[in-house]
Amino acid sequence: MIKRIISFLFTLLIVCGFVSCNQDTTNTDESTDTTTNIEEAESTPLEQTDSDYIVCTDWMKFYFSKKDFEESDIVDIVTEAESVMADVRNYLKVNYILEEAEEIVCYFDSTYRNKDGQKRSWCSWDEKEMYCISLDDFVHEYVHMISENNEDLVYHPSKLFSEGLAQYVSLNFYDGIATKQYTFFKEESVSKNSNASEHQMICDLLSDNGLAYNAENYNKAFVAILDKNYDVTKIDVNSDFYKYNIGQIFVDYCINQLGGLEKFVSVYCDSVTIADVYGKSVDDLVIEACAYNTSTFYKD
């Protein structure tokens, strides 16, 4: 009888050994790759294809290019990513639940190019896909994902709102939003102006005002210089500068000078109410936001 029990338990142990994660691990860019399980660390299984390391979590499925990442770092990176995502969700407080996160995929790959052949990160919120050139772009793209897929959204707002909010959160994340010091996810670096003289003007303006040399302040200083010397109303509203740089100034002003984040998010989710909420049109608010930003750099 004892031998039968031991035999049964041994057979059961063998069967359990073949149980694996029931997740689809096919990379849309490498559909012919054969996926093999290579490691399991507690509840975060690590798998791989010929080109990527893959980790499935409740909130997202991650693909990490083997060209860019070491296998030994993947589980730790994902652990941080889960915390980063929670920080962003808790900050924005939009109605974004696990059901909304189903089938969302994020690819980390430095060789990614968008449909125009540009090397830049991208969030396709309707297709539930994110492409990040680096870990530093993750916060920006994740803001897009949850701000455009939450249940509170009535209308998808203009790029001024969506890119402005993503810029604002990503540039402020490590100084007031993040709940801990992250090892792999770092603060966005400064994207220096290609014009040497303009770059020096920005640096001088930061120094004169005792401001740190970082991406947030650098952008604010650049917009202030343009607003003081040119007519910001002439800037092409379809340009990246308007959507990202002016967008950051616009969102920063609405949140910090016109009633806080909750008020802004309500307008973001139903942008046709902006005149009712703020008492002004978008164009008027942009001019007002730029003027306020300029006044913080130039006291005269």
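Check the entry above for the structure.
Residues numbered from 1 in each chain as written. Predicted model: local features only at pLDDT ≥ 70, side-chain atom pairs only at ≥ 80, totals over all residues. Heavy atoms only, no water.

(A) The arrangement of the overall build of the protein in detail. In terms of helices and strands, the protein carries 11 helices and 7 strands. The buried share among the 300 residues of the protein stands at 48%. Across the protein, every contact between residues at least 6 apart in sequence was considered, and the portion connecting residues at least 24 apart equals 60%. (Helix = DSSP H or I, 4+ residues; strand = E, 2+ residues; numbered from the N terminus. Buried < 20%, exposed > 50% of the residue type's maximum accessible area, 1.4 Å probe, protein only. Contact = heavy atoms within 4.5 Å.)

(B) Highlighting the layout of surface pockets. Computed from the structure, the largest pocket encloses a volume of approximately 1300 Å³. Looking at the lining of the largest pocket, the elements with two or more residues in it are β6 (122–124), α4 (138–147), α5 (159–177), α7 (215–229) and α8 (240–257). The element best represented in the lining of the largest pocket is α8, accounting for 6 residues. The residue makeup of the lining of the largest pocket, split by class, is 13 nonpolar, 16 polar and 15 charged. (1 Å grid on protein atoms, 1.4 Å probe; cavity = no way out; pocket = protein on both sides within 12 Å on 5 of 7 lines; lining within 4 Å. Points joined across faces, edges and corners; volume = space filled by probe spheres on them. Nonpolar A, V, L, I, M, F, W, Y, C, P; charged D, E, K, R; others polar.)

(C) Region of the structure containing the pattern of salt bridges. By the definition in use, this model includes 6 salt bridges. Salt-bridge contacts for D240 lead to K243; the nearest nitrogen and oxygen are separated by 3.8 Å. In this pair, D240 and K243 both sit in helix α8, 3 residues apart, roughly one turn of the helix. K280 is the salt-bridge partner of E288, the closest N and O atoms lying 2.0 Å from each other. On the accessibility criterion, K280 (32% relative accessible area) is partly exposed. (Salt bridge = Lys/Arg side-chain N within 4 Å of Asp/Glu carboxyl O.)

(D) Quick look at the packing of α5 against helix α9 (residues 261–269). For the pair α5 and α9, interaxial distance at closest approach is 10 Å and the crossing angle is 140°. If you check the angle between α5 and α9, you find them oblique. The crossing of α5 and α9 is left-handed. Across the interface between the two elements, F161, S162 and L165 of α5 pack against F264, V267 and Y268 of α9. By residue class, the composition of the contact of α5 with α9 is 5 nonpolar, 1 polar and no charged. (Axes fitted to C-alpha atoms, helices over the stretch in contact; angles between N-to-C directions. Parallel < 35°, antiparallel > 145°, perpendicular 65-115°, else oblique. Left-handed = near helix turned anticlockwise from the far one by under 90°.)

(E) Quick peek at empty space enclosed by the protein. Going through the model one piece at a time under the given rule, you end up with 1 cavity of 30 Å³ or more. Estimated volume of the largest cavity: approximately 40 Å³. Together, L92, V94, S147, N150, L165, V265, Y268 and C269 line the largest cavity. Of the residues forming the lining of the largest cavity, the biggest block, 3 residues, is contributed by α9.

(F) Structural view of the nonpolar core. In terms of nonpolar packing, the biggest core is built from 79 residues, with F62, F138, Y142, F250 and F264 touching the most fellow members. F62 has contacts with Y53, I54, V55, T57, V78, A81, E82, M85, C106, F108 and F138, leaving out every residue within four places of it along the chain. One finds Y63, Y107, Y112 and I133 within the second-largest nonpolar core, a separate group that totals 7 residues. (Core = buried A, V, L, I, M, F, W, Y, C linked by side-chain atoms within 4.5 Å.)

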